[in-house]
Amino acid sequence: MRVSIASEPATPGAVNLDWAGAFPRLAVVLDGLTESPQTGCAHGTAWYVARLGARLLRRLNGPTPLADGLALAVEEVAAEHPRCDLRHPGSPGSTVSIVRQTPQGAEYLVLADSPVVLDTADGPVAVIDDSWKALATPDLAAAADRGTRDDLARFITDQQAQRNTAGGYWIARTEPEAAGHALTGTVTGVRGAVLASDGAAPLVTDYGLLDWRGYLDLGYREGPTGIIAATRAAERADPDRTRWPRQKVSDDATAAVCLFDTTREEGPLP
């Protein structure tokens, strides 16, 4: 599996809270959650995603089940900051998207709303869990989409109360049991895949400018930089967030485009 990765922050020079890495048969994309002013942690989200990503690559470059490897990686990173308040609702957290090539196709794991899009002979298979949207308090979500930094802070506080709780939604944070809530599976006959943070997926998920077939084709044709460039072009055309209400004009954006070894035998992708 050949993997190409691109990542850039929401604005030039800003800290990028996304992370991505790969081995020949493994790709991982993490989307660190925007921090609130109080986190209980001295390290921060960028530190967290870098540590978690490295642990995931090490744990999953072999036969370890994806969910088991995620649980172990979360536990190991939690142990790396013993002086922090790991019970604080603002503890650094992240979405997780993983693809691992198998002789039959691909294994995937998705925790939260950073999608994995698998290219099969029967068409794209998109895996994403955006259950947080159904749990978002409507007036706070609407205010965050059009309002100020304070509006966004209130929305984040509301979301923190619902993360990694019964009846809420799950992310990678400090609780290993979150791995048991990830979407996992195996898909046969996979020719390629794209993993993306939510900041690199809105061409489909929020803006409706492409479907998943077009998104895959864009990734094959122009690589992950092309996906991010097309996303930024759409966002620049809507700087006031009127066409597409959203919390920020742009978000950190990361994409990993995977071409499976089988494509060399089957010929070029369409």
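Residues numbered from 1 in each chain as written. Predicted model: local features only at pLDDT ≥ 70, side-chain atom pairs only at ≥ 80, totals over all residues. Heavy atoms only, no water.

J.: Kindly report on the sheet that holds strand β5 (residues 105–111), identifying the contributing residues and their values.
T.: As summarised here, the arrangement of the 5 strands in space is β2-β3-β4-β5-β8, forming an open sheet in which the pairing is antiparallel. Edge positions in the sheet fall to β2 (18–23) and β8 (183–188), since each has one partner strand and no second. Here the average twist between neighbouring strands, direction ignored, is 10°. As paired strands, β5 and β8 are joined by 6 bridges and run antiparallel to one another. The residue of β8 that forms the bridge with E107 is T186. Contacts between helix α1 (residues 45–60) and the sheet are confined to β2, β3 (26–32) and β4 (94–101), with β3 contributing the most and set at about 160° to the helix. Against the sheet, helix α2 (residues 66–79) contacts β4 and β5, and its axis sits at roughly 40° relative to β5. (Pairing = 2+ DSSP bridges. Helix = DSSP H or I, 4+ residues; strand = E, 2+ residues; numbered from the N terminus. Axes fitted to C-alpha atoms, helices over the stretch in contact; angles between N-to-C directions. Contact = heavy atoms within 4.5 Å.)

J.: Which residues make up the side chain of E235, and what values do they have?
T.: Counting through the fold element by element, E235 comes out in helix α7 (residues 212–236). Side chain to side chain, E235 and R232 meet in a polar contact 3.1 Å long. Aside from chain neighbours lying at most four places away, what touches E235 is P202, Y207, R246, V249 and S250. (Polar contact = N/O pair within 3.5 Å; in protein donor to acceptor, adjacent residues only side chain to side chain.)

J.: Which residues make up the packing of α1 against α2, and what values do they have?
T.: At a minimum axis separation of 9 Å, α1 and α2 run at an interaxial angle of 135°. Here α1 lies oblique to α2, going by the angle between them. Here α1 runs over α2; the crossing is right-handed. Where α1 abuts α2, its residues W47, Y48, R51, L52, R55, L56, R59 and L60 lie against L66, G69, L70, L72, A73, V74, E76 and V77. In terms of residue class, the contact of α1 with α2 is made up of 11 nonpolar, 1 polar and 4 charged. (Parallel < 35°, antiparallel > 145°, perpendicular 65-115°, else oblique. Left-handed = near helix turned anticlockwise from the far one by under 90°. Nonpolar A, V, L, I, M, F, W, Y, C, P; charged D, E, K, R; others polar.)

J.: Can you break down the sheet that holds strand β10 (residues 253–259) residue by residue, with the values?
T.: Ordered in space as β1-β10-β9-β6-β7, the 5 strands form an open sheet in which the pairing is antiparallel. Only two strands of the sheet have a single neighbouring strand rather than two, namely β1 (2–8) and β7 (123–127). Pairwise comparison of adjacent strand axes, ignoring direction, gives a mean angle of 15° for this sheet. Looking at chain direction, strand β6 (residues 116–120) and β7 are connected through 5 bridges and run antiparallel. In the sheet register, L118 faces β7, and the bridge partner there is V125. Across the sheet, α7 touches β1, β6, β7, β9 (190–196) and β10, and the angle it forms with β10 is around 145°.

J.: Hey, could you go over the pairing of β9 for me, with residue numbers and the actual values?
T.: With respect to burial, β9 is a largely interior element, 7 of its 7 residues being buried. Judged from the 5 bridges that link them, β6 and β9 form a sheet pairing that is antiparallel. Looking across to β9, one finds that D119 is bridged to G192. One ladder, built from 5 bridges, connects β9 with β10; its direction is antiparallel. Each residue of the ladder has a partner; that of G192, found in β10, is L259. (Buried < 20%, exposed > 50% of the residue type's maximum accessible area, 1.4 Å probe, protein only.)

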